[in-house]
Amino acid sequence: MIDDFAKRYLHDDLREAREAVLAKLDGLDEYSVRRPLTATGTNLLGLVKHLALWETRYLGEVFGRPFPEPLPRWDDLEARGRDFWATADETRTEIVDRYRRAAEHSDATIDVLAIDAPGYVPWWPRPDVLLFNVLVHVLTEASRHAGHADILREQLDGATSAPPRDREFWTERCAEIERAAAVHR
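Here the structure is a predicted model, which is why all the values come from computation and not from measurement.

Participant: Hey, could you run me through the overall build of the chain in this one?
Facilitator: Helix and strand counts for the chain stand at six helices and two strands. The secondary structure elements of the chain, listed N-terminal to C-terminal, are α-α-α-α-β-β-α-α. Projected onto its principal axes, the C-alpha positions of the chain cover 55 × 45 × 30 Å. In the chain, buried positions account for 38% of the 185 residues. For the chain, the proportion of contacts with a sequence separation of at least 24, taken over those separated by at least 6, is 74%.

Participant: Any chance you could explain the packing of helix α1 (residues 2-23) against helix α5 (residues 131-157) here in plain terms?
Facilitator: Two numbers describe a pair of packed helices, the interaxial angle and the distance between the axes. At a minimum axis separation of 9 Å, α1 and α5 run at an interaxial angle of 25°. Here α1 lies roughly parallel to α5, going by the angle between them. For the pair α1 and α5, the sense of crossing is left-handed. For the pair α1 and α5, the contacting residues are Lys7, Leu10, Asp13, Leu14, Ala17, Ala20, Val21 and Ala23 in the first and Phe132, Leu135, Val136, Val138, Leu139, Ala142, Ser143, His145, Ala146 and Arg153 in the second. Across the contact of α1 with α5, the residue classes break down as 13 nonpolar, two polar and three charged.

Participant: How should the nonpolar core be read in this particular structure?
Facilitator: Nonpolar side chains tend toward joint burial in soluble globular proteins. Leu14, Leu25, Leu59 and Val134 are the most contacted members of the largest nonpolar core, which has 40 residues in total. Of all the secondary structure elements, the ones that give two or more residues to this core are α1, α3 (44-58), α4 (92-112) and α5. Ranked by residues supplied to this core, first place goes to α5 with nine residues. With residues near it in sequence (within four places) discarded, Val134 still touches Tyr58, Leu59, Val62, Phe63, Val121 and Val129.

Participant: Which parts of the structure should I look at to understand the pattern of salt bridges?
Facilitator: Pairs can form between side chains of opposite charge whenever their charged atoms are close. Taken as a whole, this structure holds 13 salt bridges when the rule is applied. A salt bridge links Asp150 to Lys24, with the nearest nitrogen and oxygen atoms 3.1 Å apart. One end of the pair, Asp150, is in helix α5; the other, Lys24, is in the loop between α1 and α2 (30-34), with 126 residues separating them in the sequence. We classify Asp150 as partly exposed; its relative accessible area is 29%. With its nearest N and O atoms 2.9 Å apart, the salt bridge here joins Arg92 to Glu30. Taken as a pair, Arg92 in helix α4 and Glu30 in helix α2 lie far apart in primary sequence, 62 residues in all. Using a relative accessible area of 18% as the deciding quantity, one classes Arg92 as buried. Through salt bridges that share partners, Arg18, Glu55 and Asp107 make up one connected network.

Participant: Even after reading the chapter, I still don't get the side chain of Asp83, so can you show me in this structure?
Facilitator: Structurally, the position occupied by Asp83 is in the loop between α3 and α4. Among the polar contacts listed, one links the side chain of Asp83 to the side chain of His50, at a separation of 2.4 Å. Looking at Asp83, its side chain comes within polar contact range of the side chain of Trp54, at 3.2 Å. When residues no more than four places from it in sequence are discounted, the contact partners of Asp83 are Gly46, Lys49, His50, Leu53 and Trp54.

Participant: Looking at this structure, how should I read a nonpolar patch on the surface?
Facilitator: A contiguous nonpolar surface patch, about 350 Å² in accessible area, is contributed by Ile2, Phe5 and Tyr9. Tracing the sequence through the fold places Phe5 in helix α1.

Cut-offs and rules
- Within every chain, residues take consecutive numbers counted from 1 along the sequence as written.
- Residue-level local features of this predicted model are given only where pLDDT is at least 70; pairs of side-chain atoms are given and counted only at 80 or more, and the full residue set underlies all totals for whole chains, interfaces and linings.
- For the side-chain quantities, the full set of heavy atoms in the structure was used; hydrogens and water were omitted.
- A run of H or I in DSSP becomes a helix once it reaches four residues, and a run of E becomes a strand once it reaches two; helices and strands are each numbered from the N terminus.
- Any residue under 20% of the maximum accessible area for its type is buried, any over 50% is exposed, and the rest in between are partly exposed; the area is computed with a 1.4 Å probe on protein chains only.
- We call two residues in contact whenever any of their non-hydrogen atoms come within 4.5 Å of each other.
- Lines fitted to C-alpha atoms define the axes, with helix axes restricted to the stretch in contact, and inter-axis angles between N-to-C directions lie between 0 and 180 degrees.
- Any angle that falls under 35 degrees is termed roughly parallel, while one over 145 is termed roughly antiparallel, one within 65 to 115 roughly perpendicular, and all others oblique.
- Handedness of each helix crossing follows the sense of rotation of the near helix against the far helix: counterclockwise by less than a right angle gives left-handed, clockwise gives right-handed.
- Note on residue classes: Ala, Val, Leu, Ile, Met, Phe, Trp, Tyr, Cys and Pro are nonpolar, Asp, Glu, Lys and Arg are charged, and everything else, Gly too, is polar.
- Joining through side-chain atoms within 4.5 Å is the link that ties buried Ala, Val, Leu, Ile, Met, Phe, Trp, Tyr and Cys residues into a set, and such a set is a nonpolar core.
- Every case where a carboxyl oxygen of Asp or Glu lies within 4 Å of a side-chain nitrogen of Lys or Arg is listed as a salt bridge.
- Counting of polar contacts relies on pairs of N or O atoms within 3.5 Å, with two restrictions inside protein: one atom must be capable of donating a hydrogen and the other of accepting it, and residues adjacent in sequence are counted only when both atoms are side-chain atoms.
- Here the term patch refers to residues with relative accessible area over 30% and no salt bridge, with like charges joined within 9 Å and nonpolar side chains (Val, Leu, Ile, Met, Phe, Trp, Tyr) within 5 Å.
- Computed with a 1.4 Å probe, the accessible areas rest on the Shrake-Rupley method; for each residue, only the protein chains presented here act as cover.

Okay, structure coming up:
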């Protein structure tokens, strides 16, 4: 049945996106995973923390299956944005483990509900949703942040998922790209 196929397909892609984000932490020290790498402070560990929080909301409370750990309310203006960075007293292990627990909780929600199970997202303009809508949204967010994590990791140590090349290749490639861009100055 197409519904079962769609649910399984989306769920499998979500699992892959989660692992892609977590893999970007591998081999990095504490400072590197926490340091702000953009003007808005985006960092690798913050992306993991953010994904954990919102996955528990979307695949938990939206379907009446609240995550068993305390979370700030979605409408708590004081807490807004604090999910994008790790405080000094939060450990990488705590944040990664919370993401894994959030994933297990989400997986259980996905497993128990039909793809057309109704949910309610009070912060959306059209709050009445189906599991399908939320799965697509969560997968999109996880994939978007996995892309951010790819770029952040490349900024930190040059690690990419691109085919392995030496520094000379990338220096020449960047020069070629710069020449193409400079034509449009």
